[in-house]
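Notes for the structure review
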Amino acid sequence: MSKKRKVMSFFSTSMATNKLAQWISRLTVSLVIATSVNVSWANELLADQSNPYHMIKEVAGITFKRFADEQQAIQANPNLLKNIVREELMPYVNYKYSAFKVIGKHLKKTTDAERRAFVPVFKEYLVTSYAQVFTLYDNQEVEFAPARDFSGKKIVAVNTIVVMPGRDNIDVSFKVRKNKKTQKWAAYDMVAEGVSLLDSKQAELGSIIRQKGLPYVTQMLKKKSERDIVFKNSNKSTAAKSSVDALKKG
């Protein structure tokens, strides 16, 4: 069976989001080393949203520079990770577009009020999810595919390869979309080995939206977004397993 088929088969199980979350953590931490971005969050330096390729690198550098600077405070209060994700990462994520994609074919069955209530909750759910996986540490090397001409494009894929010593490398692509009004780029999905995180989330929540309605899912995600961020153990392998176990429950 091909590597892609194995990944697709794996993502049909409840472990899908958990495994992809590990890849997100490994990739984003590695981006700091790969890009060597020397920036200070205190100067409120904003990433360049006019270029999707530059944006992905810069956002990683800004986010994890602040993470490193506040490490002592974070160890004392892990929920500070939510603030960092909310302030440094989420401005470059088109969470509204992602939220509507998750609703998908059920969109016409929802009201405007229901959608307005769902979007900010989905955003906070993403904040908590990303903050929890960022408790994992790894130092895999990341290789970036050459940037392509994106003139006239509305959606581009920023392709990378996560080098996994002793194992198959992981192909990871960030899908980035251009806003028609602002002309700025923002990420809305991540694809690992051809498998979309957004599609996986849509499959997970779609049936619940159909059976119980969007307000039910909104309340469900609200509760999950309120959970505390926890460092389970200082040992890397144990910490990774514990963080994934926490994601299973969430």
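Before going into details, it helps to say that this report is about the structure given with it.

Cut-offs used in this document
Residues numbered from 1 in each chain as written. Predicted model: local features only at pLDDT ≥ 70, side-chain atom pairs only at ≥ 80, totals over all residues. Heavy atoms only, no water. Salt bridge = Lys/Arg side-chain N within 4 Å of Asp/Glu carboxyl O. Helix = DSSP H or I, 4+ residues; strand = E, 2+ residues; numbered from the N terminus. Axes fitted to C-alpha atoms, helices over the stretch in contact; angles between N-to-C directions. Parallel < 35°, antiparallel > 145°, perpendicular 65-115°, else oblique. Left-handed = near helix turned anticlockwise from the far one by under 90°. Contact = heavy atoms within 4.5 Å. Nonpolar A, V, L, I, M, F, W, Y, C, P; charged D, E, K, R; others polar. Core = buried A, V, L, I, M, F, W, Y, C linked by side-chain atoms within 4.5 Å. Buried < 20%, exposed > 50% of the residue type's maximum accessible area, 1.4 Å probe, protein only. Pairing = 2+ DSSP bridges. Phe/Tyr/Trp six-rings, centres within 6.5 Å; stacked < 30°, edge-to-face > 60°. Lys NZ or Arg CZ within 6 Å of the ring centre and 35° of its normal.

A look at the pattern of salt bridges
Proximity of charged atoms lets side chains of opposite charge pair with each other. Within the structure shown, the criterion is met by seven salt bridges. Of the charged contacts, one joins Glu70 and Arg66 as a salt bridge, the two residues approaching to 2.7 Å between their closest N and O atoms. As a salt-bridge pair, Glu124 and Arg86 come within 2.8 Å of each other at their nearest N and O atoms. With Glu124 in helix H7 (residues 112–133) and Arg86 in helix H5 (residues 80–89), this pair connects stretches of sequence that are 38 residues apart. Because the salt bridges share partners, they merge into one network encompassing Arg66, Glu70, Glu87 and Glu88.

Regarding the packing of helix H6 (residues 95–103) against H7
Following both chains from N to C, one finds H6 and H7 inclined at 110°, their axes separated by 9 Å at the closest point. Compared by their axis directions, H6 and H7 come out roughly perpendicular. For the pair H6 and H7, the crossing hand works out as right-handed. Contact residues: Tyr95, Lys96, Ser98, Ala99, Phe100, Val102 and Ile103 in H6; Arg115, Phe118, Val119, Phe122, Lys123 and Leu126 in H7. Looking at the contact of H6 with H7 residue by residue, the class counts come to nine nonpolar, one polar and three charged.

So, the nonpolar core
Within the largest apolar cluster, 50 residues are counted, with the highest numbers of intra-cluster contacts made by Met55, Val85, Phe118, Phe122 and Leu221. The greatest single-element share of this core, amounting to 10 residues, is contributed by H7. Apart from residues lying up to four places away in sequence, Phe118 is in contact with Ala99, Ile103, Leu214, Val217, Thr218 and Leu221.

A look at the pairing of strand S4 (residues 185–192)
Of all eight residues in S4, eight are buried, a share of seventy percent or more. Count of turn residues in the strand S3 (residues 170–178)/S4 antiparallel hairpin: six residues, of which Gln183 carries a positive phi of about 65°. Sheet topology note: the S4/strand S5 (residues 195–196) ladder contains two bridges and is antiparallel. Within S5, the residue paired with Val191 across the bridge is Ser196.

Concerning unusual backbone geometry
Despite not being glycine, Gln183 shows a phi value in the positive range, around 65°. Mapped onto the elements of the fold, Gln183 is located in the loop between S3 and S4. In the Ramachandran plot, Glu193 falls in the positive-phi region, its phi being about 50° despite a non-glycine side chain. Relative to the elements of secondary structure, Glu193 occurs in the loop between S4 and S5.

Some points on the side chain of Asn94
With respect to the secondary-structure elements, Asn94 resides in the loop between H5 and H6. Once you skip the residues sitting within four places of it in the chain, Asn94 turns out to touch Arg177, Ala186, Ala187 and Tyr188.

Brief notes about the packing of aromatic side chains
As enumerated under the stated definition, the model contains five aromatic pairs in all. Ring geometry for Tyr97 versus Tyr188: centroids 5.0 Å apart, planes at 85°, classification edge-to-face. With Tyr97 in helix H6 and Tyr188 in strand S4, the pair connects residues that are 91 residues apart, well separated along the chain. Three or more aromatic residues joined by ring pairs form one cluster here, namely Tyr53, Phe150 and Trp185. One cation-aromatic arrangement involves Arg177 over Tyr97; the distance from NZ or CZ to the ring centre is 4.1 Å.

Everything listed here is a matter of geometry and, on its own, says nothing about what the molecule does.
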